[in-house]
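Breakdown of the fold
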Amino acid sequence: MSNKPLLSVQNVGINFGGLKAVSEFNMEIHQGELVGLIGPNGAGKTTSFNLLTGVYTPTFGEIIFNGQKLNKLAPYQVTKRGISRTFQNIRLFNELSVLDNVKVAYHSLAKNSIVSSILRLPSHFAGEKEMEEKSIEFLKIFNLHEDLYSLAKNLPYGKQRRLEIARALAAGPKLLLLDEPAAGMNPQETQELMSLIALIRERFDLTILLIEHDMNLVMGICERIYVLDHGVLIADGTPEEIRSHPKVIEAYLGEEVPAVHA
Amino acid sequence: MEWIQQLVNGISLGSIYALIALGYTMVYGIIKLINFAHGDVFMVGSFVGFYSIVGLGLDFFTALVLAMIFCAIFGVLIERIAYKRLRNATRIAALITAIGVSLLIENGFIFTWGPQPKAFPDIIANGSFEILGAKISIKSILILSISITLMVILQFIVHKTKIGKAMRAVSHDNEAARLMGINVDNTISATFAIGSALAGAAGVIFGLYYTKIDPLMGIIPGIKAFVAAVLGGIGIIPGAMVGGLVLGVIETFVNASGFSLWRDAAAFVILILILIFRPNGIFGKNTREKV
Amino acid sequence: MKKSKRFWLFILLAVVIYSVVQLLISTGVFGSYYSNTLILMAINIILAVSLHLVIGITGQFSIGHAGFLAVGAYISAIITMRLELPFIVGIVAAGIIATLAGLVVGIPTLRLRGDYLAIATLGFAEIIRIIFLNIDYVGGAAGMQVSHYTTWTYAFVCLVITIIVITNFTNSRHGRACISIRENEVASDAMGINTTFYKVAAFAIGAFFAGVAGALYAHNFYIIQPVNFGFLKSFDILIFVVLGGLGSLSGSVIAAILLTMVSTYLQGFPETRMIIYSLVLILVMLYRPQGLLGTREITDFLKFKKSRKGVAQHVE
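Residues numbered from 1 in each chain as written. Chains lettered and ligands numbered in written order. Predicted model: local features only at pLDDT ≥ 70, side-chain atom pairs only at ≥ 80, totals over all residues.

**A word on the overall build of chain B**
Inclusion rule: Labels follow the DSSP assignment, with helices taken as runs of H or I lasting at least four residues and strands as runs of E lasting at least two, numbered in each case from the N terminus. Every radius of gyration here is taken over C-alpha atoms, with the globule rule written as 2.2 Å times N^0.38, N being the number of residues. The burial label depends on the number of other C-beta atoms within 10 Å of a residue's C-beta. Counts of 20 or more mean buried, 12 or fewer mean exposed, and intermediate counts mean partly exposed, with C-beta atoms placed from the backbone. Once C-beta atoms are placed from the backbone, any two residues with those atoms within 7 Å are in contact.
Within chain B, the secondary structure is distributed over 11 helices and 4 strands. The C-alpha atoms of chain B give 19 Å as radius of gyration, which agrees with the globular expectation for 291 residues (19 Å, within 12%). Each principal axis of the C-alpha atoms in chain B carries an extent, and together these give about 55 × 45 × 35 Å. By the burial criterion, 52% of the 291 residues in chain B qualify as buried. Looking at chain B alone, contacts between residues at least 24 apart form 76% of all its contacts between residues at least 6 apart.

Put into structure tokens, the structure is as follows:
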């Protein structure tokens, strides 16, 4: 493990109309790690993702990624600096084909200008061709190459989730944020997802932060886990430490989800 | 004391805007639709008032009440026939339909009764009196008192009656209200009825004050009343009242300062400034899209 | 390449249509009534396609397109009538100034969403109209005399350029970025698309061609007045796009052709025309809100089987 973290979140907080949604959030993620973020419903997990990706601007604190401050950047700028994400409620481009969904994520890597595209200059064809080839290669890894030309909205649920991950990866992130990737999946699909995550992590030299409700998945693949409750970080550590942490047990008491025995 | 007189004129105009704006804001609050046809309900109210006085020989107040009742029914019909099916449609589809309904009413009206303007009968005494050197007409006072009375009644309905409670519940959370046993369809219809009745009243007092009415008279006051609703914070009833009055006063002063041709632009400049700098209006709260 | 074959087919079709109509006009078979209708049709198609880029492709609901039409009409009229420069200079200047107007309107308003954006663009269009109403140099409310310079050739060439530019833009990574904004703005942003840039770009390109249409429009009549560019004109353009199908270029072209014919036929009966328009609009929204063609193009219906084969080829 290198000494300098890839992502460093320092005392970050945000208020919505006087209400503290997240406060004093601290987190360090190193290159290559797979980290989980868990917590009961309404604990502020998705809000933290929104803070990290520029959807919300933090009221307090600093977010430093790869040596750069991210605080006031717009989401697209954060993505260009190497953080991309999936969404809890799938947000695909429904009326676009599977291939085009991925091409949109490749957008920033191509270089053909608006003028070259309008005049159909050689650089347009070169840029578009490269984008198409890369996207198709990419979809093969995700086993979606048979659906290249189907509209995203017509895919079955499991494939939509996979496409969303593929699309996020196509944006070329160093850090990938997955917001409940296993939500709504059956055990077998969840199993497949776990091996997919392991595969992409290796292949793309990725660092991953994931929010998940499925404790088997979190405990099974994450190396470290952060626990949020009521917008405050209450624990962090290895899965073993988290499992026996008194505050975590207290926070989850009364919730139905915590099958904290993997 | 020229400016006091202008202020009174502005308040009279503003109270007409406010009455129309209330309908916009209530409908937007409950089904998130900009009811473009609302200005045309105002026009219809004006004509019902006109025909009740000229054709049926009724007195002013009976005509006012008749116009309000007619417009309430008309508003509910529009909602039931055109908008009801759009509850689950996109906002844009609903907006386009509303524009379509508005054009249909205007052109259907012209097609049936002709495009000629009518002279609204002058049935209220044209007297005036002086306060602090300003000449205040009795009509202004009458308009103002009718508007205030109607707004007080509206406040009473919204805050003290069962239907008002249902309206607030539905505008807060449609689904939850349904689960609590509130008849959402009827509540929405009631909202249209009340909003349209207010627009009808505005139409009659508009006719009384400006004396000329025509089938396209609803377009500009309609859009301006919408501006007033946005200015006050759309969905907020006191906001619509204040927004209407503010807009009326600003317009009257722009007009009085010798920029009469720019009068209509003032409303749109205000609209754009509000949308850019304070899109939730004077009284609005900040909300954000859930991601 | 298949795509370039389609391009040359389009050019061939355009040349044929142009030549046939030009022949009929120059031999006198088409009198001024028909040639004027055809020119008007071309102008309406340009307007429809330019608004299609903003509403259909980028999903930004603008109902103030007549404002840019007005800018183009007045700027070109000033250039040809006051400065006495050639018509072509007027057309280009109309497009450029309308683009600038598009930037001025678009940059502040395009962060608004849905119906707020609609109302703001409506407001801006009215402000533009009122500005022209108050400038004596262009005749105020009485309007401005304009010579009849628009010919079938000018109109058709502008039309073809509009379609090529907007099609090429749409079928590139830039157009895809715009569609992604329409489909899901939050996700688009998260995929690294500068959504503000693309919304403004689409708006500016749309305004450019509306300006060009304005130049053609002004020089197709003998007078332009602020009253020609009110909300109803914006609505006329909007209905082409909505009726044709939000997201379908060929749909908006077809709707523009059909409705130009209907409105020419009903020229003497403006109320009947508006009643038909509004009824059609309401019925389409209630029963087929995606419009005639939805997001599909007319060519999609012709080559459905081919694209299936295309899939197989790509996979192998």
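Structure's up, so let's keep going.
**Remarks on the overall build of chain A**
Each helix and strand counted, chain A has 10 helices and 10 strands in total. A compact globule built from 262 residues would reach a C-alpha radius of gyration of about 18 Å, and chain A, at 19 Å, matches this within 12%. Principal-axis analysis of the C-alpha atoms gives chain A an extent of 65 × 40 × 40 Å. Excluding contacts between residues fewer than 6 apart, the proportion of contacts in chain A whose partners are at least 24 apart in sequence is 64%.

**A look at the packing of helix α2 (residues 38-54) of chain B against helix α3 (residues 60-83) of chain B**
All names here are of chain B. Under the convention used in this document: For helices, the fitted axis covers only the stretch in contact; all axes are lines through C-alpha atoms, and the angles between them, taken along N-to-C directions, range from 0 to 180 degrees. Here is the rule for angles: anything less than 35 degrees is roughly parallel, anything more than 145 is roughly antiparallel, 65 through 115 is roughly perpendicular, and the remaining ranges are oblique. If you view the pair so one helix is near and one far, a crossing is left-handed when the near helix is turned anticlockwise from the far one by less than a right angle, and right-handed when it is turned clockwise. Residues are grouped as follows: Ala, Val, Leu, Ile, Met, Phe, Trp, Tyr, Cys and Pro are nonpolar; Asp, Glu, Lys and Arg are charged; every other residue, Gly included, is polar.
Two elements in contact, α2 and α3, have axes whose closest approach is 8 Å; the angle formed by their N-to-C orientations is 140°. Between α2 and α3, the interaxial angle falls into the category oblique. Every pair of crossing elements has a handedness; the one defined by α2 and α3 is right-handed. Across the interface between the two elements, Val41, Val44, Gly45, Val48, Gly49, Ser52 and Ile53 of α2 pack against Thr62, Ala63, Leu64, Leu66, Ala67, Phe70, Cys71, Phe74 and Gly75 of α3. When the residues that make up the contact of α2 with α3 are grouped by side-chain class, the tally is 11 nonpolar, 5 polar and no charged.

**Regarding the domain arrangement of chain A**
All names here are of chain A. Stated formally: All the domain ranges listed were derived from an automatic or database domain assignment.
Each domain of chain A was delimited in the assignment, giving domain 1 (1-82 + 175-181 + 206-262) and domain 2 (88-172). The C-alpha centroid of domain 2 is placed 28 Å from the C-alpha centroid of domain 1. Across the contact, 8 residues belong to domain 1 and 7 residues belong to domain 2. For the side of domain 1 that touches domain 2, the leading source of residues is strand β7 (residues 175-179), giving 3 residues. Tallied by class, the residues present in the side of domain 1 that touches domain 2 amount to 3 nonpolar, 2 polar and 3 charged.

**Thoughts on the nonpolar core**
For clarity, the cut-off: Here, a nonpolar core means buried Ala, Val, Leu, Ile, Met, Phe, Trp, Tyr and Cys residues linked by C-beta atoms lying within 7 Å of one another.
Ala201(B), Leu271(B), Ile46(C) and Ala48(C) are the most contacted members of the largest nonpolar core, which totals 280 residues. Per-element tally for this core: the top contributor is helix α9 (residues 195-218) of chain C, with 17 residues. Mapping this core onto the domain boundaries places at least three of its residues in each of domain 1 (1-82 + 175-181 + 206-262) and domain 2 (88-172) of chain A.

**So, the interface of chain A and chain C**
Counting residues at the interface gives 36 residues for chain A and 27 residues for chain C. Breaking the side of chain A that touches chain C down by element, the ones donating at least two residues are α2 (75-80), β6 (83-85), α3 (98-106), α4 (114-118) and α5 (122-141) of chain A. In terms of residues, the side of chain A that touches chain C owes the most to one element, α5(A), which gives 5 residues. Among the residues making up the side of chain A that touches chain C, the classes are represented as 15 nonpolar, 11 polar and 10 charged.

**Thoughts on the interface of chain B and chain C**
Contact residues are listed per partner, giving 32 residues for chain B and 31 residues for chain C. Those elements giving two or more residues to the side of chain B that touches chain C turn out to be α4 (91-113) and α11 (263-277) of chain B. Per-element tally for the side of chain B that touches chain C: the top contributor is α4(B), with 15 residues.

**Focus: unusual backbone geometry**
Its identity is not glycine, yet Asn11(A) carries a phi of approximately 50°, on the positive side. Along the polypeptide, Asn11(A) turns up in strand β1 (residues 7-16). We note that Glu84(C) has phi near 55°; this positive angle belongs to a residue other than glycine. When you line up the elements, Glu84(C) lands in the loop between α3 (65-82) and α4 (87-109). Classification of Glu84(C) by C-beta neighbours within 10 Å gives exposed; the count is 7.

**Some points on the packing of helix α6 (residues 162-172) of chain B against helix α8 (residues 184-210) of chain B**
Geometrically, a packed helix pair is captured by the angle between its two axes and the distance between the axes. Residues and elements named next belong to chain B. Interhelical geometry of α6 versus α8 gives an angle of 105° and a closest axis separation of 9 Å. Judged by the angle between their axes, α6 and α8 are roughly perpendicular. Contacts from Ile163, Ala166, Met167 and Val170 in α6 reach Val184, Thr187, Ile188, Ala190 and Thr191 in α8.

**What about the pairing of strand β3 (residues 34-38) of chain A?**
Residue and element names in this part refer to chain A. Counted only if it meets this: Between any two strands, at least two bridges found by DSSP are needed for them to pair.
For β3, the tally of buried residues reaches 4 of 5 residues, placing the bulk of the element in the interior. Bridge analysis of β3 against strand β8 (residues 207-211) gives 4 bridges, and the strand direction is parallel. Of the residues in β8, the one forming a bridge with Val35 is Leu209. Relative to strand β9 (residues 224-229), β3 is paired through 4 bridges, and the arrangement is parallel. In the sheet register, Ile38 faces β9, and the bridge partner there is Val227.

**Some remarks on the sheet that holds strand β10 (residues 232-237) of chain A**
All names here are of chain A. Read from one edge to the other, the open sheet built from 6 strands follows the order β6-β7-β8-β3-β9-β10, with strand pairing classed as mixed. Unpaired on one side and paired on the other, β6 and β10 mark the two borders of the sheet. With strand direction ignored, the average angle separating the axes of adjacent strands in the sheet is 20°. Across 5 bridges, β9 lies against β10 in antiparallel orientation. Paired with Leu228 across the bridge in β10 is Leu233.

**Here's the deal with α11(B)**
Keep this limit in mind: Given the number of residues in a helix, its expected span is that number minus one, multiplied by 1.5 Å.
Between its first and last C-alpha atoms α11(B) spans 22 Å; for 15 residues at 1.5 Å apiece the expected length is 21 Å, and the two agree. Of all the positions in α11(B), only Ala265(B), Ala266(B), Ala267(B), Phe268(B), Ile270(B), Leu271(B), Ile272(B), Ile274(B) and Leu275(B) are classed as buried. Among the structural elements, α9 (219-232) and α10 (237-256) of chain B together with α5 (114-133) of chain C are those in contact with the buried residues of α11(B).

**Some points on the sheet that holds β1(A)**
Residue and element names in this part refer to chain A. Taken in spatial order, the 4 strands make up an open sheet running β2-β1-β4-β5, and their pairing is antiparallel. Because the sheet does not close on itself, it has two edges, and the strands there are β2 (19-29) and β5 (68-69). On the sheet, helix α1 (residues 45-52) packs against β1, β2 and β4 (60-65) and is oriented at approximately 65° with respect to β2.

**Some thoughts on the confidence of the model for chain A**
To be explicit about the condition: Residue-level confidence of the predictor is what pLDDT reports, using numbers from 0 through 100.
In the predicted model, chain A carries a mean pLDDT of 89, and 95% of its residues have values of at least 70. Between residues 256-262 of chain A, whose pLDDT stays under 50, and residues either more than four places distant or in other chains, the model counts 11 contacts.

**Brief notes about the environment of Gly49(B)**
Residue and element names in this part refer to chain B. In this structure, Gly49 sits in helix α2. The class of Gly49 is buried, set by 32 C-beta atoms lying within 10 Å. Those residues in contact with Gly49, other than ones at most four positions away along the chain, are Ala63, Leu64, Ala67, Gly203, Val204 and Gly207.

**Topic: the environment of Ile166(C)**
Mapped onto the elements of the fold, Ile166(C) is located in helix α6 (residues 152-170). Setting aside anything within four residues of it in sequence, one finds Ile166(C) in contact with Val49(C), Leu53(C) and Leu249(C).

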